[in-house]
Amino acid sequence: MADIKLLLKLVVDQKASDLHLAPGEPFIIRQFGRLIKIESPSLTRERCEQLIYELLENEQKEMLNKKLQLDFAYEIPEVARFRGSAMRHHAGISASFRIIPFEIPTFENLGLPGTIKKIMDNHQGMVLVTGATGQGKSTTLAAMIDYVNTTRAHHILTIEDPIEFIHPLKRCAVNQRQLGRDTLSYANALRAALREDPAVIVVGELRDLETISLAISAAETGHLVLGTLATSSAPKTIDRIIDSFPAEEQGQIRAMLGESLKAVITQRLIPRTDITSMALALEILIGTLPMATLIRDGKVFQIPSMMQMGKAVGMQIMDESIMSLLQSGTINAKEAYLNANNKAPFKPLMERENQTRKPL
């Protein structure tokens, strides 16, 4: 077995989430949110390139040399799948690998509230999972797909870059397309999807104007569209989508988005107090009629207040979720303070925690 495969297996055994390879550095893993340098010799430029190339097919090597970056998937049987991202830079080639377990987690495994099941009972509209890189968006999206696959008889079409979780055939027919291998672009696959009789369309990332526009149109025409965005809150997600369009089109897009948006779920993974795993903090926006009116009228600044008043339908803002985790002892006050949007309520709690930890 190649050295890199042994290393990836070790990373899985250590319950790490990522492996980083970079010239001039030892092997680096991300474990429970923190980067840890493994005690090993620093990688030379040549050794780093050799390890990365061991996992690539000839076509992938050519693509990396041509485009100077590459996203790909790799699988070690009975170990895990890995989402790889390689890039050229001034010191050579680096790569990062995200561990994708074979088993698709359930909502219960992830600690997602019952509100998420209610959201997924929609048969049309748009549901977005947002958050920074590494906050578990792909995992939640996979659980959503699996929920539909388990409970309904539909055609699910996914467009991914690359394919991460492999979905078995349950009640649904599931077709998973990978950018570069199975389709040229998200927009290209979305245009074709409307003629392929899907009930559920999954877009790995809403990354450009054309993809966002086609996704909204699909949601408006009776499909359930699931997608991800790298945004840090529900209001910022709305702003990001609207601002993607030219000024003269934004009024129409607000109306379309307000009508089609069913939910925005923003995630943040925070190290637990015992540092054995990560706790999930959630912000949830539900697409109610009053929410649709705010979006249509361009009053995004009022969305947080409406979310605070919408607890009865399952809405919550991020800081409420973080405070709940803190009060239950799941996370400590320092982590709560670092991850909160409005840090003022958390600052005295962190200071009090620091005082109690001071040695006598």
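Above this note sits the structure.
Below or above, wherever it landed, is the structure these notes cover. (Residues numbered from 1 in each chain as written. Predicted model: local features only at pLDDT ≥ 70, side-chain atom pairs only at ≥ 80, totals over all residues. Heavy atoms only, no water.)

### Considering the packing of aromatic side chains
Logical step 1: Inspection of the entire model under this criterion finds 2 aromatic pairs.
Logical step 2: A ring pair is formed by Phe72 and Phe97, whose centres lie 6.0 Å apart and whose planes are at 80 degrees; its orientation type is edge-to-face. Of this pair, Phe72 sits in strand S4 (residues 69-76) while Phe97 is found in strand S6 (residues 92-100), placing the two residues 25 residues apart along the sequence.
Logical step 3: Overall, Phe72 belongs to the buried group, its relative accessible area being 1%.
Logical step 4: For Phe97, a relative accessible area of 1% puts it in the buried group. (Phe/Tyr/Trp six-rings, centres within 6.5 Å; stacked < 30°, edge-to-face > 60°. Helix = DSSP H or I, 4+ residues; strand = E, 2+ residues; numbered from the N terminus. Buried < 20%, exposed > 50% of the residue type's maximum accessible area, 1.4 Å probe, protein only.)

### Here we look at the environment of Thr330
Logical step 1: Following the sequence through the fold, Thr330 ends up in the loop between helix H13 (318-327) and helix H14 (333-339).
Logical step 2: Residue class for Thr330 comes out buried when judged on its relative accessible area of 18%.
Logical step 3: Apart from residues lying up to four places away in sequence, Thr330 is in contact with Arg272, Thr273, Ala279 and Leu325.
Logical step 4: Within the local environment of Thr330, its side chain forms a polar contact with the side chain of Ser328, the two groups lying 2.7 Å apart. (Contact = heavy atoms within 4.5 Å. Polar contact = N/O pair within 3.5 Å; in protein donor to acceptor, adjacent residues only side chain to side chain.)

### Quick look at the side chain of Glu353
Logical step 1: Along the chain, Glu353 falls in helix H15 (residues 347-357).
Logical step 2: Glu353 gets classed as buried once you look at its relative accessible area, which sits at 15%.
Logical step 3: Apart from the residues lying within four places of it in its own chain, the contact partners of Glu353 are Asn332, Ala333 and Lys334.

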